Amino acid sequence: MAMDLQARKSQANTAADEFSKIYYETFDKRRNAISKLYQDKANVVWNGNAVSGSDAILKLFDGLPTSEHTVEGLDTQPIVAGPVDADNTNSIMVTVFGKVKFKGTGAEAFTQTFILSAAENKWKIISDTFRFVG
């Protein structure tokens, strides 16, 4: 039986909190493992640079200097119809805002939006859009 909307919102909020901690810790401290958080055919648009596939995503992120993210807030919405197929209703959209400091630069504000889908009891990124703000 399908979850009611209130239960899905609660699940989305819990998942977003847990996911964001894992994502930014992995990005900042274990970047070589970041591709494990993405589906094989995921898409990333990073400040206007688009790549597809977990190998290309890892290559893009490996080319960036070391970083330190500070999440200042996030918003989460359950997705009623699945972005991959109509039967996949266990997806959420997570929008994060915060600051990031890359080695050799000052902190910059950013926003990042993820579409996550649950696969084998793990949240995986389908789509990721990152943009500096300001």
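Above this text you will find the structure in question.
Quick caveat, the model's predicted, so the values are computed rather than measured. (Residues numbered from 1 in each chain as written. Predicted model: local features only at pLDDT ≥ 70, side-chain atom pairs only at ≥ 80, totals over all residues. Heavy atoms only, no water.)

**With respect to the side chain of S35**
Part 1 of the argument: Position of S35 relative to the elements: it lies in the loop between α1 (5-29) and β1 (38-46).
Part 2 of the argument: Note on S35: relative accessible area 18%, which makes it buried.
Part 3 of the argument: Aside from chain neighbours lying at most four places away, what touches S35 is S54 and L58. (Helix = DSSP H or I, 4+ residues; strand = E, 2+ residues; numbered from the N terminus. Buried < 20%, exposed > 50% of the residue type's maximum accessible area, 1.4 Å probe, protein only. Contact = heavy atoms within 4.5 Å.)

**Description of the pattern of salt bridges**
Part 1 of the argument: What the rule picks out here adds up to 2 salt bridges.
Part 2 of the argument: E25 is paired through a salt bridge with R30; the nearest N and O atoms lie 3.2 Å apart.
Part 3 of the argument: Exposure remark for E25: the relative accessible area of 40% places this residue in the partly exposed category.
Part 4 of the argument: Where K99 meets E72, a salt bridge forms, and the shortest distance between an N and an O atom there is 3.9 Å. You can see K99 sitting in strand β4 (residues 91-102) and its partner E72 sitting in strand β3 (residues 67-79), a full 27 residues away along the chain.
Part 5 of the argument: For K99, a relative accessible area of 38% puts it in the partly exposed group. (Salt bridge = Lys/Arg side-chain N within 4 Å of Asp/Glu carboxyl O.)

**As for unusual backbone geometry**
Part 1 of the argument: The residue N47 is not glycine, and still its phi comes out positive at about 50 degrees.
Part 2 of the argument: Checked against the element boundaries, N47 lands in the loop between β1 and β2 (49-52).

**What about helix α2 (residues 54-62)?**
Part 1 of the argument: When α2 is considered as a whole, its buried residues turn out to be S54, I57 and F61. In a view along the axis of α2, the buried residues occupy a sector of 55 degrees, so they form one face of it. Exposed and facing more than 90 degrees away from the buried side of α2 are D55 and K59.
Part 2 of the argument: Buried residues along α2 sit in contact with α1, β1, β2 and β6 (122-132). (Arc of directions from axis to C-beta.)

**Quick notes on the packing of aromatic side chains**
Part 1 of the argument: Taken as a whole, this structure holds 15 aromatic pairs when the rule is applied.
Part 2 of the argument: Pairing F19 with F114 gives two aromatic rings, centres 5.2 Å apart and planes at 80 degrees, and the pair type is edge-to-face. Taken together, the residues F19 in helix α1 and F114 in strand β5 (residues 108-119) connect sequence positions 95 residues apart. An identical accessibility class is assigned to F19 and F114; each is buried.
Part 3 of the argument: Clustering of aromatic rings is evident, with ring pairs tying together F19, Y23, Y24, F27, Y38, W46, F61, F102, F110, F114, F130 and F132. (Phe/Tyr/Trp six-rings, centres within 6.5 Å; stacked < 30°, edge-to-face > 60°.)

**Notes on the nonpolar core**
Across soluble globular proteins, you tend to see nonpolar side chains buried next to one another.
Part 1 of the argument: One finds Y23, Y38, F61, F114, L116 and I125 to be the most contacted residues of the largest nonpolar core, which totals 28 residues.
Part 2 of the argument: For this core, the secondary structure elements donating two or more residues are α1, β1, α2, β4, β5 and β6.
Part 3 of the argument: It is α1 that provides the largest number of residues to this core, a total of 7 residues.
Part 4 of the argument: Excluding its chain neighbours within four sequence positions, the residues that come into contact with Y38 are Y23, V44, I57, F61, K124, I125 and D128. (Core = buried A, V, L, I, M, F, W, Y, C linked by side-chain atoms within 4.5 Å.)

These figures capture arrangement, not role.
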